[in-house]
Structure formats: C-alpha cells, structure tokens
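Fold and contact review
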Number of protein chains: 2
Amino acid sequence: MKNLNIKIIFQMMGFLLIFNGLFMLISALISYIYKDGATQGIFFAGIITILAGVISRFTTKNFKKKINKQEGYIIVTLGWVLMSLSGSLPYLFSESIPSFTDAFFETISGYTTTGASILDDIESMPAGILFWRSTTHWIGGMGIIVLTIAVLPLLGIGGMQLFAAEAPGPSADKLHPRITDTAKRLYLIYLGLTIAEAILLKLAGMSVFDAVNHAMSTLSTGGFSTKNASVAYWNDQPAIQYIITIFMILAGTNFVLSYFAFKGQFSKIYKDEEFKTYFLNILGISIIVGLIVYFRADVSQVATDTQLIAHPMVNGQFESALRHSFFQVASVITTTGFVSADFTIWTPFLTTLFFILMFFGASAGSTSGGVKFVRHIIMIKNGFIEFKRSMHPSAIIPVRYNEKAVSQDIVFNIMAFFILYLILFVLGALVFGIMGLDFVTSVGGSASSLGNVGPAFGQLSPVNNFNSLPAIGKWWAAFLMLLGRLELFTVLILFTPYFWRSGKF
Amino acid sequence: MKNLNIKIIFQMMGFLLIFNGLFMLISALISYIYKDGATQGIFFAGIITILAGVISRFTTKNFKKKINKQEGYIIVTLGWVLMSLSGSLPYLFSESIPSFTDAFFETISGYTTTGASILDDIESMPAGILFWRSTTHWIGGMGIIVLTIAVLPLLGIGGMQLFAAEAPGPSADKLHPRITDTAKRLYLIYLGLTIAEAILLKLAGMSVFDAVNHAMSTLSTGGFSTKNASVAYWNDQPAIQYIITIFMILAGTNFVLSYFAFKGQFSKIYKDEEFKTYFLNILGISIIVGLIVYFRADVSQVATDTQLIAHPMVNGQFESALRHSFFQVASVITTTGFVSADFTIWTPFLTTLFFILMFFGASAGSTSGGVKFVRHIIMIKNGFIEFKRSMHPSAIIPVRYNEKAVSQDIVFNIMAFFILYLILFVLGALVFGIMGLDFVTSVGGSASSLGNVGPAFGQLSPVNNFNSLPAIGKWWAAFLMLLGRLELFTVLILFTPYFWRSGKF
Ligand SMILES: [K+]
Ligand SMILES: [K+]
C-alpha cells in the first residue's frame with residue numbers, strides 16, 4: 001500500500017458526497033412542494049452528506065493530482081459504496097424505510113440501476129422519497145457513463161478498450177480531459193433524452209411527477225416506478241408504454257451513437273455492429289414472443305391472485321400481446337426491469353427464454369447492465385473462427401468487429417470476463433440456495449441481480465419484490481448488483497492480495 | 001471435398017460394424033443361455049451388422065493408408081452415428097423396443113455413455129437385450145478412451161493437447177502407434193477394473209448377471225441399470241453401493257493415472273492437479289451434502305408417489321444420509337448417473353447444487369462426459385491471473401498446470417470450448433422449452449444430455465425417464481448427447497462450410 005495517494009481518494013469521495021447531497025436537497029424541495037412530511041428528514045440527510053463531503057475535501061486540501069490505476073479502482077468501488085451509504089440517509093432520516101438493511105438495499109439497487117425493491121407499498125411513500133429513489137437511478141446512470149468512457153478502458157477490463165476507441169472527444173489516455181470533454185457531451189444527451197421522455201410521458205397522460213420519475217428510471221435502465229404495479233399501472237394507455245419502450249431501447253444504445261445521431265451522423269449508427277445486432281434482436285425476439293403470447297398465453301395472467309395488474313385490451317388482443325411482448329423483451333434486454341405484465345408465467349418456454357435474456361444486456365456505452373452485445377458478438381464470432389483455426393492451425397485469423405481486426409488480447413479479456421460472470425452467477429445462485437430459496441428463485445435472483453435487471457422469477461417474480469428475502473439475502477443481492485454494475489473485476493480486484501501488495505502499477 | 005479419402009472412411013466404418021456385430025453375437029449368446037426369447041432378433045442383428053461391415057471393407061480394399069484431419073473428424077462422428085444405427089437393430093429385431101426413435105435414443109444414450117432411458121419397465125426386458133444395452137455403454141467407453149488419447153489432441157480440440165502430453169507410450173504425432181500401444185495399455189486397465197468390480201459386486205450379493213452389467217455401466221460412466229429403481233434396488237445392501245461409488249470414482253479418473261498406479265508409480269497420482277482437485281471435490285461436496293441431508297432432508301423422499309425406491313436405514317440414518325450423498329455426488333460429478341435416491345427433492349439448495357454439478361464432469365482421459373476438471377482448473381487459474389495481468393499489463397504471466405506453463409493458445413482453446421458448451425446448453429434448453437417443457441425440465445434436460453449424465457430434473461428426474469419426451473425431444477436430446485460426448489467441435493465442425501471447402505489441412 002506504499003505510495004497510495006489517499007488524499008486524492010478523499011478529494012474524490014468528498015466531491016461525490018457534495019454532489020449527492022445537492023441532489024438530496026432537490027428531493028427535499030420536491031418533498032416540501034408536495035408537503036409529504038418527509039422534508040425535514042431528506043433535508044438533514046442532504047446537509048449532513050454535503051458537510052461530510054466538505055470536511056473530506058477540506059482536510060486533504062494539499063493533495064497531489066497524480067492518480068494511478070490502484071487509486072482508480074479504489075475510487076470506483078468505494079465511490080459506489082459511499083454513494084449508497086449516504087444515499088440511504090434520506091430513507092432512514094425520514095423513517096420511510098426504517099431498517100438499515102432495507103434502506104441500503106433500496107439505495108444500492110438504485111445506484112447500480114438494478115431497480116429491485118423491498119417496498120411493499122410504493123404508492124404510500126412520500127413524494128420526495130420517491131423522487132430521491134428515482135434520483136439514485138439517474139445518478140447511477142451518470143456514474144456508469146463516466147466509468148465506461150473514462151475509467152474501465154484505462155483499466156483494461158473485459159474488452160472495454162474496444163469501445164473506448166470509438167468515443168468522441170480527445171483520445172488522450174489521461175483521465176482528466178476525457179472526463180471533462182467526452183462525458184460532458186454524453187451527459188447532455190442523457191439529460192436531453194430524459195427531458196424529452198418526461199415531456200412525452202406528460203403529453204401521453206402521466207402526471208408531471210410520474211413522468212419525470214419514469215424518465216429518470218428509463219434513461220438509467222433502472223426500473224424503479226412510482227406505482228406498485230410498475231408501468232402496468234398505465235396498461236389502459238398504450239401510448240405511455242410505447243414511449244417507454246422506445247426510450248428503454250435508446251437507454252440501452254451506446255450514448256456515443258446517440259451523440260452522433262444528434263450531430264446528424266446517422267451512418268455511424270447503421271454501420272455499428274453492436275447497435276444493429278442489439279436492435280434486430282429486440283425486434284425479432286419481441287415478434288416471436290408476441291406471437292407466442294397471442295396464440296398460446298394470456299397477458300392478463302399473474303402468478304399470484306394479486307389484483308395489482310389489470311389488463312384491459314384497449315386495442316384488441318393482438319395489439320396487447322405485441323405491445324406487452326415488445327415492452328417486456330426491451331425491458332429485460334436493456335436490463336431496465338419495468339413491468340407491464342407478469343412475463344414469468346406466460347408459457348413455460350417464455351420463462352426459459354426470459355431467463356436467458358437476463359444474460360444478454362444491451363450495448364456497451366449505455367447505462368444497461370449485463371454482459372452486453374459487443375461481448376456476445378465477439379465471443380460468437382470467435383467461436384466460429386475456432387473451427388477455422390482448428391483446421392488451419394498455423395494461420396492467424398483474427399475476429400473482426402466494426403470492420404477492424406480485434407486483438408487476441410481483447411478476445412481473451414472478454415472470454416475471461418464472461419467465464420467469471422458465469423462463475424459468479426453460479427456462486428450467486430448457490431448462496432441463495434443455501435439461504436433456502438428454491439431453484440428457480442435462486443438462479444433467477446442471481447441472474448437478475450448480477451445483470452442489474454430487477455425482476456426475476458419464482459419468489460422474486462415481477463409481481464413480487466425482494467422484501468421476502470432474508471436480511472442476509474438482501475446483502476448478498478446487493479453485493480451481486482455492485483459486482484455486475486462495476487464489470488466484476490473492478491470490485492473483485494480489491495479482494496486480491498496482488499492489489500494491495502504492489503505499490504505502483 | 002477434393003482429396004477426401006473416402007475409402008479409408010469405409011474401411012474404418014467396416015471395422016466398427018464388424019466389431020459391433022461381434023459384440024451383438026455375445027449378447028445373442030447371453031440371450032440363448034437365459035432363454036429370454038430375444039435370441040433370434042439379436043443374432044440376426046449381429047449377422048447383418050457384420051455383413052455390412054465386411055462388404056464395406058471388401059469393396060474398398062485398395063485404399064490409401066494416408067489419413068488426414070478431415071477424414072479424422074468424419075470417422076469420429078460418423079462412427080458414433082453408425083454404431084448407434086446398427087446398435088439399435090437388436091432392439092428393433094427382437095421387438096423389445098419396436099419404435100425406431102426409441103431404439104435409436106436408447107442406443108445413442110448407450111454409446112455416448114449418457115444412460116438416459118426410454119424404458120418404462122426395464123426389468124421386463126429380455127436378459128440378452130439388457131446385456132446389449134450395457135454393452136453399448138462399455139463399447140462407448142472404449143471409444144472415448146481412444147478418442148481422447150489418439151484423436152482429439154491431434155485435432156487440437158478444447159485443450160486436449162494438455163492431456164495427451166501425459167499419456168504413456170510413444171509420443172509420435174501419428175495416429176497409428178498411439179492407438180495400438182497406448183490404447184492397448186489403457187484398455188487392459190479398463191477391462192481389468194470392469195472384471196474387478198463385477199467380482200466384488202457378486203461377492204457383495206448381486207447376481208452374476210447384474211454384477212457384470214453394472215460393472216460395464218460403471219466403468220463407462222454410463223449409468224444403465226438392469227433394475228427399474230437403478231442402484232436403489234440394493235438400498236438394503238450398503239456394501240454394493242460403496243463398491244459402485246468407489247468404481248465410479250475410478251471410472252472418472254484419468255485411465256493414464258490408473259495405469260501408473262497399476263505400475264506402482266503412485267507419486268504421479270499425488271502430484272496430479274486434476275486428480276487431487278477432482279477427488280477432494282467429491283469428498284468435500286459429499287460431506288456437505290451428507291450433513292445437509294442428515295439434518296434437513298430425508299433420503300427416502302421421492303418426487304412422485306411411486307414405490308420404486310425403498311430406503312431401509314440399514315446402518316442408521318447418519319450412515320444412510322452420508323452413503324446416498326457420496327453415491328449421488330460421485331454419480332453426478334463422474335457423469336455416471338446411477339440413482340440410489342431422488343436427489344432432486346432433497347432440499348431446494350441441493351437441487352441447485354446438483355444442477356451445478358452437472359457442469360463439472362470428472363477427469364480428462366476418463367470415460368466421463370461434461371466439461372471436466374482440467375478445464376475448470378485452468379479457467380479458474382486464468383481468472384485469478386487476469387487480475388494480476390490487469391495490474392501489470394506488460395508482464396506475461398502464464399497459467400501453470402502440473403508445474404508447467406500452459407500456452408496461451410491452450411487457455412484460449414479451453415475458454416472457447418467452455419463458452420461454446422454454455423451456448424449449446426442454452427440452445428438445448430430453449431429448444432426443449434419450445435417443445436413445451438417447463439423451465440426446470442428444459443435446463444436440467446439440456447445440462448444432463450450435453451454432459452452425458454443421464455437423470456435430470458422435473459419431468460426427467462431420477463425417478464422418471466426420458467420416455468415422456470415428445471419424439472422430436474428424444475432426437476434433440478440424442479443430438480445433445482452426441483455433441484457433448486464428442487467434445488462439441490468434432491461434430492459441429494462438420495456443419496461449417498470451411499470444413500467441406502478446404503481440401504487439405
Ligand atoms: K434495472
Ligand atoms: K451417464
């Protein structure tokens with residue numbers, strides 16, 4: 001641990017705390033406007049968080065600006081944990097979620113944009129608290145953008161180098177210029193899309209409050225809703241569901257591509273292999289699912305006898321089947337996790353299919369979690385090439401992606417990432433199993449937590465929530481969410497002896 | 001397809017058919033001795049198979065002895081399919097399994113040493129047919145030994161090069177000397193262990209017939225039993241179950257190591273990383289499972305209200321829990337698939353655990369199917385090293401296995417194999433799902449078929465069988481078994497355009 005620049009870590013943490021605290025004050029303002037009774041609690045949470053941040057920065061004023069990989073890893077993981085710890089204060093201080101375990105779970109589920117909830121009655125929550133809940137998603141999404149653009153490629157994690165090469169802005173290898181220039185551009189897109197969706201949702205009939213909250217949850221692929229039934233609350237307003245579906249797909253698209261689209265450079269989008277594959281998969285799978293639902297299932301089925309989800313067939317059964325299929329396929333592939341229908345009981349085949357979709361993930365450079373298409377594309381291409389290679393062992397045949405040869409090192413990185421992902425999925429399911437959860441709940445819960453999806457299967461199905469987990473299960477799910485969100489290596493490396501042994505690297 | 005040496009393919013197929021036919025005649029003899037009424041059918045099947053083989057060889061007498069990779073691939077896959085086609089004749093001719101789909105399923109399940117059965121009443125089958133059924137396992141096991149030693153390493157599949165370096169006998173790269181010398185040594189071990197187990201089982205109280213059949217099913221890690229209840233039939237004779245457990249573990253051990261043990265070179269065994277990991281995993285997992293069963297479950301539970309499985313606690317409940325746990329853990333890890341208790345309903349956690357065990361596989365160079373320990377070891381070691389590498393990107397840090405550095409190419413090969421394995425597992429489950437099977441049955445059936453285990457979960461649990469699958473499902477399961485048994489690439493490469501395009505390679 002020699003040479004570790006602890007002061008810059010404190011500086012960064014201080015910055016994050018102040019940033020977080022300011023957002024809490026906005027929530028306090030919302031709470032004040034809605035007179036929901038939670039204003040004082042949220043306000044104090046914000047003040048304390050800002051104070052902690054100011055103290056953290058003030059006491060480490062004379063810091064060296066030099067930052068290395070080791071500090072980078074610590075800042076990322078510690079940052080997410082500290083955000084989640086401070087972010088749970090509004091829940092605790094307002095007593096809307098009195099248990100620390102529950103408050104922390106809800107908060108980390110927010111920042112990791114997972115959207116799994118422990119709230120049994122969302123609609124009874126104060127408005128300011130619901131707004132804070134959506135804000136944790138939105139901040140988490142911002143965090144992911146800067147992580148993908150500026151941090152992960154430098155750390156060489158899971159093939160993220162591939163993506164970084166495509167990002168706009170200065171291509172220098174240093175953290176600073178990239179954060180300020182590239183991230184700023186992408187944040188504008190992120191903010192712009194959020195505002196656009198909120199306006200459209202308002203026009204389609206949502207209240208301003210619901211519209212803003214759902215827009216924040218969509219662009220971050222988070223999935224927290226202000227309603228107990230999630231988006232199924234608006235099942236009688238198909239326009240709302242179409243808008244959300246489109247914005248989920250946008251949220252799962254590389255923000256760099258959206259930036260190019262904004263600049264009018266549409267050719268970049270047509271040419272992008274990941275976007276094409278991602279988009280065609282959503283389209284194709286949705287149509288298949290839609291037809292199966294239409295002919296074999298009933299979207300109005302729900303696993304329990306709850307009356308949460310109503311399914312009026314506003315435009316007939318066919319449109320309803322197709323709409324819910326598009327919505328749910330996009331929701332799971334983009335790892336948003338909004339719910340318009342209980343897809344886990346449509347048909348046995350669709351249960352299997354949706355379980356597999358949990359391992360898809362959308363695009364790199366989006367806010368989505370999961371494995372992501374770029375990795376699948378490269379692994380599948382490499383699989384085919386392996387056959388070629390086994391017949392021509394002396395020939396060097398690289399995988400090609402977006403018309404460029406991908407270095408063997410990156411392919412290797414990606415495969416190692418995927419295998420680690422699966423090992424953690426298996427471990428995740430095993431630990432849930434040890435806690436007494438049944439097979440379907442265990443594997444579904446593990447896949448959903450690690451992929452930052454939200455709803456899962458069995459006891460954690462879309463019409464249930466994560467509150468039925470034992471306390472230890474909530475902590476385990478929280479850990480899996482963090483692992484998945486930070487691309488596994490970023491967190492796990494902190495547990496290796498190498499990390500702490502080597503001073504410089 | 002230019003330059004393809006078709007004649008040598010016919011020569012090899014002829015050899016296999018004659019070999020297969022001779023074994024059928026042995027089964028006919030058994031049938032004659034037991035006067036089971038199936039003698040004529042089995043005898044004619046044998047004669048026809050031998051005739052076909054003789055004709056195949058006779059018409060291609062003037063063949064060139066040169067054999068290349070392309071012909072190697074064709075011979076392996078075609079060989080297994082042809083064995084399964086001809087091997088189904090005894091069932092068809094004796095009318096003990098009149099449906100071709102069923103007969104083919106039972107036969108390929110035999111040769112791939114999977115042991116999944118479509119027979120609802122095994123005990124009503126003629127003795128000669130039961131013997132033939134076990135024989136298909138035993139021949140399949142022989143096939144795998146020669147495949148691992150002589151063919152796969154040359155084809156460079158899934159890291160099998162690693163293993164080949166350890167095999168005894170001449171290390172020349174040509175097919176011929178290896179087959180004759182190394183394989184002969186290992187066949188003697190295989191035969192010797194089979195005889196030893198049969199004698200021990202007889203001494204422990206089995207009939208000679210049951211003892212021989214179970215010994216053949218054990219050493220091949222096949223799992224066909226002569227009893228409807230599988231090995232649970234002898235639940236009142238713990239000695240029988242201990243013997244089978246030990247021989248399952250031996251069957252899952254690299255036969256090269258058993259050869260060294262036979263030669264007195266025990267140090268090779270202690271030093272072998274794969275054997276140590278494999279053995280300690282069986283031991284450790286069995287103890288954990290045993291304790292869970294003892295404290296939380298009841299080995300006498302069964303999924304359906306069938307009376308197939310009796311569970312007398314001969315030596316008390318603790319011994320019973322531990323014995324069945326050892327038996328079932330060894331049975332699934334070695335991919336044998338014998339059943340002493342319905343492990344799928346012990347506890348929810350154990351269901352999850354046993355599902356994961358389906359992906360273990362035992363040792364390379366054994367008759368076991370699945371992924372196998374050597375691959376898991378190398379992938380896990382590589383995973384740890386990835387962390388090191390990400391901190392020291394310029395350093396070259398190889399994976400070490402059995403005290404030697406493993407080339408990056410082999411690690412790459414192994415990862416590609418594993419990813420392909422998982423893709424096929426997912427595809428397998430999806431297709432089962434499309435046929436209307438539920439989630440648990442689909443994923444369990446796919447994992448079990450691909451891993452050549454046998455029993456699965458849900459509708460395919462140890463107390464059920466594969467007869468409840470629709471016909472198309474039986475064919476799909478058969479295909480998965482073949483894929484898994486032949487290490488995926490060997491079969492799939494035949495479906496690539498490269499394979500048929502390139503004349504020489
Ligand atoms: K989510
Ligand atoms: K088997």
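Residues numbered from 1 in each chain as written. Chains lettered and ligands numbered in written order. Predicted model: local features only at pLDDT ≥ 70, side-chain atom pairs only at ≥ 80, totals over all residues. Heavy atoms only, no water.

Where we set the bar: UniProt positions are given in the numbering used here, feature names are shortened, and annotations may be inferred rather than shown by experiment.
For chain A, an unreviewed UniProt entry supplies the name TrkH family potassium uptake protein and the organism Aureibaculum marinum. Per UniProt, chain A has the following entry under Subcellular location (unreviewed entry): "Cell inner membrane".

1. So, the relation of the copies chain A and chain B
Counted only if it meets this: Here the copies are superposed with least squares, the fitted atoms being C-alpha atoms of residues at a pLDDT of at least 70 in both. Note on definitions: a residue-residue contact is assigned when non-hydrogen atoms from the two residues lie within 4.5 Å.
Of the transformation superimposing chain A on chain B, the axial component is 0.0 Å and the angular component is 180°, with the fit at an RMSD of 0.0 Å. Here the two chains are linked by the operation of a two-fold rotation axis. A share of 100% of interface residues in chain A that are also interface residues in chain B marks the association as one of identical surfaces.

2. Description of the interface of chain A and chain B
Interfaces are often sized by the accessible area lost when the parts come together. What counts is decided by this rule: Buried area adds together the accessible area that both of two parts lose upon being put together, with accessible area traced by a 1.4 Å probe. For this analysis, a polar contact is any N or O atom pair within 3.5 Å, provided that within protein one partner can donate a hydrogen and the other can accept it, and provided that sequence-adjacent residues contribute only side-chain to side-chain pairs. Think of it this way: any DSSP run of H or I at least four residues long counts as a helix, any run of E at least two long counts as a strand, and we number them from the N terminus. Each residue is assigned to one of three groups, with Ala, Val, Leu, Ile, Met, Phe, Trp, Tyr, Cys and Pro labelled nonpolar, Asp, Glu, Lys and Arg labelled charged, and all others, Gly among them, labelled polar.
Contact with chain A, which involves 54 residues of that partner, is made by 54 residues of chain B. On the chain A side of the contact with chain B, A:M391, A:F412 and A:F439 bury the most area, a combined 18% of that side's loss. Linking chain A to chain B there are zero residue pairs in polar contact (both at pLDDT 80 or more). Looking at the side of chain A that touches chain B, the elements that each hand over two or more residues are helix 3 (69-87), helix 15 (348-357), helix 16 (373-391), helix 17 (408-434), helix 18 (439-450), helix 20 (489-492) and helix 21 (497-501) of chain A. No other element matches helix 17 of chain A, which puts 16 residues into the side of chain A that touches chain B. A breakdown of the residues in the side of chain A that touches chain B according to their chemical character gives 36 nonpolar, 13 polar and five charged.

3. Describing the UniProt feature "binding site: K(+)" (unreviewed entry) in chain A
Residue and element names in this part refer to chain A. Here is the rule we go by: Remark: exposure states derive from per-residue accessible area (1.4 Å probe, protein chains only) relative to the maximum for the residue type, with buried under 20%, exposed over 50%, and partly exposed in between.
The feature "binding site: K(+)" (unreviewed entry), as annotated in UniProt, sits at T113, T114, G222, T335, T336, N452 and V453 in this numbering. In terms of the greatest pairwise C-alpha distance, the residues named above, spread along 341 residues, form a tight cluster of at most 8.7 Å across. When you line up the elements, T113 lands in the loop between helix 5 (100-111) and helix 6 (127-155). According to the relative accessible area criterion, T113 is buried, its value standing at 0%. When residues no more than four places from it in sequence are discounted, the contact partners of T113 are H137, G140, G141, S220, T221, G222, T335, T367, N452 and R485. Mapped onto the elements, V453 comes out in the loop between helix 18 and helix 19 (471-485). For V453, a relative accessible area of 0% puts it in the buried group. For V453, the residues in contact, after removing those within four places along its chain, are T114, G222, V332, T335, T336, G337, M358 and S448.

4. What to know about the side chain of B:S446
Residue and element names in this part refer to chain B. By the element assignment, S446 lies in helix 18 (residues 439-450). On the accessibility criterion, S446 (0% relative accessible area) is buried. A polar atom in the side chain of S446 sits 3.3 Å from the backbone nitrogen of A429. Residues within four places of S446 in sequence aside, it is in contact with L424, F425, G428, A429, F432 and L480.

5. Some words on the pattern of salt bridges
This is how the line gets drawn: By convention in these notes, a salt bridge is any Lys or Arg side-chain nitrogen within 4 Å of a carboxyl oxygen on Asp or Glu.
Counted under the stated rule, the structure contains 14 salt bridges over all chains. Where A:K474 meets A:D102, a salt bridge forms, and the shortest distance between an N and an O atom there is 2.7 Å. One end of the pair, A:K474, is in helix 19; the other, A:D102, is in helix 5, and 372 residues separate them in sequence. A relative accessible area of 15% places A:D102 in the buried class. With a closest N to O distance of 2.7 Å, B:K381 and B:E273 form a salt bridge. With a gap of 108 residues between them, B:K381 in helix 16 (residues 373-391) and B:E273 in helix 13 (residues 273-296) connect regions that are remote in the sequence. We classify B:K381 as partly exposed; its relative accessible area is 27%.

6. Notes on the packing of aromatic side chains
To keep it simple, the criterion reads: Between 30 and 60 degrees the pair is tilted, below 30 it is stacked and above 60 it is edge-to-face, where a pair is any two Phe, Tyr or Trp rings, Trp via its six-membered ring, whose centres lie within 6.5 Å. For a Lys NZ or an Arg CZ to count as sitting over a ring, it must be within 6 Å of the ring centre and within 35 degrees of the ring normal.
All told, the structure shown has 69 aromatic pairs over all chains when counted by the stated rule. Here B:F355 and B:F359 contribute two aromatic rings whose centre-to-centre distance is 5.5 Å and whose plane-to-plane angle is 75°, an arrangement assigned as edge-to-face. An aromatic cluster is defined as three or more aromatic residues linked by ring pairs; in this entry it consists of A:F343, A:W346, A:F354, A:F355, A:F359, A:F417, A:Y421, A:F425, A:F457 and B:F439. One Lys or Arg, A:K227, reaches over the ring of A:Y233 and ends 4.4 Å from the middle of that ring. The ring of A:F417 has A:R375 sitting right over it, with the charged end atom 3.6 Å from the ring centre.

7. A short note on a nonpolar patch on the surface
Residues and elements named next belong to chain A. Which entries qualify depends on this criterion: Exposure above 30% relative accessible area and the lack of any salt bridge qualify a residue for a patch; like charges then connect within 9 Å, and the nonpolar side chains Val, Leu, Ile, Met, Phe, Trp and Tyr within 5 Å. Residue burial considers only the protein chains on display, and all accessible areas are found by Shrake-Rupley using a 1.4 Å probe.
A surface patch of nonpolar side chains, about 610 Å² in accessible area, is lined by F43, F44, I47, I48, L51, I55 and F93. Considering each element in turn, the nonpolar patch owes the most residues, six residues, to helix 2 (residues 39-58). Position of F44 among the secondary structure elements: in helix 2.

8. Let's talk about helix 19 (residues 471-485) of chain B
Residue and element names in this part refer to chain B. Heads up, the condition is: Between the first and last residue of a helix there are one fewer steps than residues, each counted as 1.5 Å, and that sum is the expected span.
Between its terminal C-alpha atoms helix 19 stretches 21 Å, which fits the 21 Å expected from 15 residues at 1.5 Å a residue. The buried count for helix 19 comes to eleven of 15 residues, which makes it a mostly enclosed element. Within helix 19 the residues assigned to the buried category are G473, K474, W476, A477, A478, L480, M481, L482, L483, G484 and R485. Of the residues flanking the end of helix 19, it is E487, one or two places downstream, whose phi is positive at about 55°.

9. Brief notes about the domain arrangement of chain A
Residue and element names in this part refer to chain A. Heads up, the condition is: By convention here, the domain bounds are inherited from an automatic or database domain assignment.
Looking at the assigned domains, one finds that chain A contains domain 1 (1-177), domain 2 (178-370) and domain 3 (373-451 + 469-499). Measuring from the centre of the C-alpha atoms in domain 2 to the corresponding centre in domain 3 gives 24 Å. On the side of domain 3, 19 residues touch domain 2, which itself brings 20 residues to the contact. Summed over both sides, the interface between domain 2 and domain 3 buries roughly 1500 Å², with carbon and sulfur atoms accounting for 57% of that surface.

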